[in-house]
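# Structure assessment
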Amino acid sequence: MEQSLLYYLAASGGRVVTRDEILDAVWGADFVADSNLVDRHIRNLRAKLQNDWRRPRFVATVPGQGYRFIPTYSGAL
């Protein structure tokens, strides 16, 4: 699931995607999920990428909106 989630975020080209958009795209429109399913998978994805939520390199949280893929990584924070 994390791989599909990463592909979807990357394909979104840095645009903010909502949890509902992620659920529909990755799990399907008919899937009934817990309210924090996307958050748990984002957390697992960040752990695998060694991405700290306080200083994101790959996946940024946009409070009140959703998540955004950061398309480039320069190494400088």
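This one's a predicted model, so the numbers in the text were calculated from it and none came from an experiment.

### Points about the overall build of the chain
Across its full length, the chain carries three helices and two strands. Order of helices (α) and strands (β) in the chain, N terminus to C terminus: α-α-α-β-β. Its C-alpha atoms give the chain a radius of gyration of 12 Å, within 12% of the compact-globule value 11 Å for 77 residues. Counting only C-alpha atoms, the chain reaches 40 × 25 × 20 Å along its principal axes. For the chain, the proportion of contacts with a sequence separation of at least 24, taken over those separated by at least 6, is 43%.

### Considerations on the pairing of strand β2 (residues 66-69)
Looking down a regular strand, the side chains alternate between one sheet face and the other. Pairing geometry for strand β1 (residues 59-62) and β2, over four bridges, is antiparallel. Bridging across to β2, Val 59 finds its partner in Phe 69.

### So, the nonpolar core
The tendency in soluble globular proteins is for nonpolar side chains to be buried side by side. The biggest cluster of nonpolar side chains holds 15 residues, and the ones touching the most others in it are Leu 9 and Ile 22. Mapped by element, the contributors of at least two residues to this core are α1 (2-11), α2 (19-27), α3 (37-49) and β2. With residues near it in sequence (within four places) discarded, Leu 9 still touches Val 17, Ile 22, Ile 42, Leu 45, Val 59, Tyr 67 and Phe 69.

### Notes on the packing of α2 against α3
One way to put it is that α2 packs onto α3 with a least axis distance of 10 Å and a crossing angle of 75 degrees. Of the possible angle classes, the one that applies to α2 and α3 is roughly perpendicular. Residue-level inspection shows Arg 19, Ile 22, Leu 23 and Trp 27 of α2 in contact with α3, the latter providing Leu 37, Val 38, Asp 39 and His 41. Class assignment for the residues of the contact of α2 with α3 results in five nonpolar, one polar and two charged.

### A few points about the side chain of Arg 46
Following the sequence through the fold, Arg 46 ends up in helix α3. No salt bridge is formed by the buried Arg 46; the nearest opposite charge belongs to Asp 39, separated by 7.7 Å. Not counting chain neighbours up to four residues away, the residues in contact with Arg 46 comprise Asn 51, Trp 53, Val 59, Ala 60, Thr 61 and Tyr 67.

Cut-offs used in this document
- Residues numbered from 1 in each chain as written.
- Predicted model: local features only at pLDDT ≥ 70, side-chain atom pairs only at ≥ 80, totals over all residues.
- Heavy atoms only, no water.
- Helix = DSSP H or I, 4+ residues; strand = E, 2+ residues; numbered from the N terminus.
- Rg over C-alpha atoms; globule rule 2.2 N^0.38 Å.
- Contact = heavy atoms within 4.5 Å.
- Pairing = 2+ DSSP bridges.
- Core = buried A, V, L, I, M, F, W, Y, C linked by side-chain atoms within 4.5 Å.
- Buried < 20%, exposed > 50% of the residue type's maximum accessible area, 1.4 Å probe, protein only.
- Axes fitted to C-alpha atoms, helices over the stretch in contact; angles between N-to-C directions.
- Parallel < 35°, antiparallel > 145°, perpendicular 65-115°, else oblique.
- Nonpolar A, V, L, I, M, F, W, Y, C, P; charged D, E, K, R; others polar.
- Lys, Arg positive; Asp, Glu negative; His and termini not counted.
- Salt bridge = Lys/Arg side-chain N within 4 Å of Asp/Glu carboxyl O.

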